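# Reading the structure
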Amino acid sequence: MGAVAAVALSAGMASAEGEPIKIGVLHSLSGTMAISETTLKDTMLMLIEKQNAAGGVLGRPLEAVVVDPASDWPLFAEKARELLTVENVDVIFGSWTSVSRKSALPVLEELNGLMFYPVQYEGEESSKNVFYTGAAPNQQAIPATDYFLDELGIEKFALLGTDYVYPRTTNKILEQYLKDKGIAAEDIFVNYTPFGHSDWSKIVADVVALGADGKRVGVISTINGDANIGFYKELAAAGVSAEDIPVVAFSVGEEELSGLDTTNLVGHLAAWNYFQSADTEVNAEFVKEWKAFAGEERVTNDPMEAHYIGFNMWVNAVEAAGTTDVDAVRTAMYGQEFPNLTGGTAVMLPNHHLSKPVLIGEIQADGQFDIISQTEEVPGDAWTDFLPESAVLTSDWKDLGCGMYNTETETCVQLKSNY
């Protein structure tokens, strides 16, 4: 087992006494995902420090136990086990990629741990031991596609993704959705590239060629990580602007844009449930607190808001339950409400997903987003309505005690997440 960094945050601890409540932080601090996940570790430290200053939880101080799974997917399982059995944490906040979450799932379910997962993902999952505070496809991918169809008049679609479970499952859903909307199969171009892919010339040429017949082309991007830099550069090198072929990205946010030359990206779009530019008092306060904690140059982003909502809901559920016991906290989580940073209220549903608004943002020269579209709160759907095998499934841990319930046969298909 690697060394565990136990971070005891002293701010305000004088007002909280007794045995600390341990919070596991399971985010990559090294490797390819460190750029994104280090920020989420810092977010958790800030939230824990603030809660301790307010007296802790149940009158006890909170203690962060930080581990580094190092962007090594199997290591997420090992580190989750370490947090639950060696460190005896009461809850875990962590993971980014779906493959890392799925690595930790069997351990969480075996040991009845509880994890809050803060990143948009492909859905098709509902574990008793995970609360999904990021977007399901119907809270990001589907509304973004509707925006392309209804607002921009896109007639041909290039679905470009990194080659792993999230882009493949999301694009499977989107392909069927587009066909249901009357888009012909030959007008949908799907391509996958490995993590870190750099040579985009042929793929961009193929995308441009889609529009040779005069039909309007749009790109839906599930490209992850630094591969995005080369992709947008190649678009610009090919003389393609956002007006010619707009790109809407699901994995490009403020953190990914900070420090980049955004010249090539201006006008392209991203779909999230939060942007730093959201004009609300509560967001202004959150951004101010973050910059004071982490540095004036640091930006906020969507997964940070997901941790902010999830952490505060967990605190309120623990207070309501009067204990950190996982089963009691899980029960107390259902129906928890907490204000979004963008206005309105997030609600935790019995399927372990949130109701959240969907925002479309246009990339600006300063790396921020101009919010051009915002919906009312959309309830997260664990199982998509657009694949026949999933449309019959529902998740309800509160009343049905099942995350994969077949509504036609009225039976629970399975309880463990071995799908």
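Coordinates for the structure precede this section.
Residues numbered from 1 in each chain as written. Predicted model: local features only at pLDDT ≥ 70, side-chain atom pairs only at ≥ 80, totals over all residues. Heavy atoms only, no water.

### Things to note about the nonpolar core
Ranked by size, the top nonpolar core spans 64 residues in total, and within it I23, F311 and W314 carry the most contacts. Examining the composition of this core, we find that nine residues originate from one element, helix α10 (residues 302–321), more than from any other. In contact with W314, not counting residues within four places along its chain, are I21, I23, L62, V91, F93, L114, F116, V329 and M333. (Core = buried A, V, L, I, M, F, W, Y, C linked by side-chain atoms within 4.5 Å. Buried < 20%, exposed > 50% of the residue type's maximum accessible area, 1.4 Å probe, protein only. Helix = DSSP H or I, 4+ residues; strand = E, 2+ residues; numbered from the N terminus. Contact = heavy atoms within 4.5 Å.)

### Focus: the state of the cysteines
Across all of its chains, the model carries one disulfide by this definition. Across a sulfur-sulfur distance of 2.1 Å, C402 and C412 are joined as a disulfide pair. Because the torsion about its S-S bond is 85°, the bridge between C402 and C412 counts as right-handed. Residue C402 is found in strand β19 (residues 402–406), and its partner C412 is found in strand β20 (residues 411–412); the two are separated by 10 residues along the sequence. Classification of C402 as buried rests on a relative accessible area of 0%. What makes C412 partly exposed here is its relative accessible area of 34%. (Disulfide = S-S within 2.5 Å.)

### Quick look at unusual backbone geometry
At S71, a position not held by glycine, the phi torsion is positive, near 55°. With respect to the helices, strands and loops of the structure, S71 is situated in the loop between β3 (62–67) and α2 (73–85). By relative accessible area, which is 13% here, S71 ends up buried.

### Details of the pattern of salt bridges
Following the criterion strictly, the structure yields 17 salt bridges and no others. Taking the shortest distance from any N to any O, the salt bridge between D187 and K156 comes out at 3.7 Å. Here K156 lies in strand β7 (residues 156–162) and D187 lies in the loop between α5 (165–180) and β8 (188–193), a separation of 31 residues in the sequence. Since its relative accessible area comes to 9%, D187 is described here as buried. Judged by its relative accessible area of 9%, K156 falls in the buried class. Sharing partners across several salt bridges, the network here consists of R101, K102, E122 and E125. (Salt bridge = Lys/Arg side-chain N within 4 Å of Asp/Glu carboxyl O.)

### Focus on the packing of helix α1 (residues 34–53) against helix α9 (residues 281–294)
Look at α1 against α9: their axes get within 11 Å of each other, and the N-to-C directions meet at 105°. Overall, the two elements α1 and α9 adopt an arrangement that is roughly perpendicular. Of α9, the residues touching α1 (which contributes T39, D42, T43, L45, M46, E49 and K50) are F286, E289, W290 and F293. (Axes fitted to C-alpha atoms, helices over the stretch in contact; angles between N-to-C directions. Parallel < 35°, antiparallel > 145°, perpendicular 65-115°, else oblique.)

### Quick notes on the sheet that holds strand β17 (residues 378–379)
Strand order in this open sheet of four strands is β12-β13-β14-β17, and the pairing throughout is antiparallel. Unpaired on one side and paired on the other, β12 (337–339) and β17 mark the two borders of the sheet. As paired strands, strand β14 (residues 354–356) and β17 are joined by two bridges and run antiparallel to one another. Within β17, the position partnered with S355 by the bridge is P379. Here α10 sits on the sheet and contacts β12, β13 (345–348) and β14; the angle it forms with β12, its principal contact strand, is near 135°. (Pairing = 2+ DSSP bridges.)

Any functional reading would require information that these geometric values do not contain.
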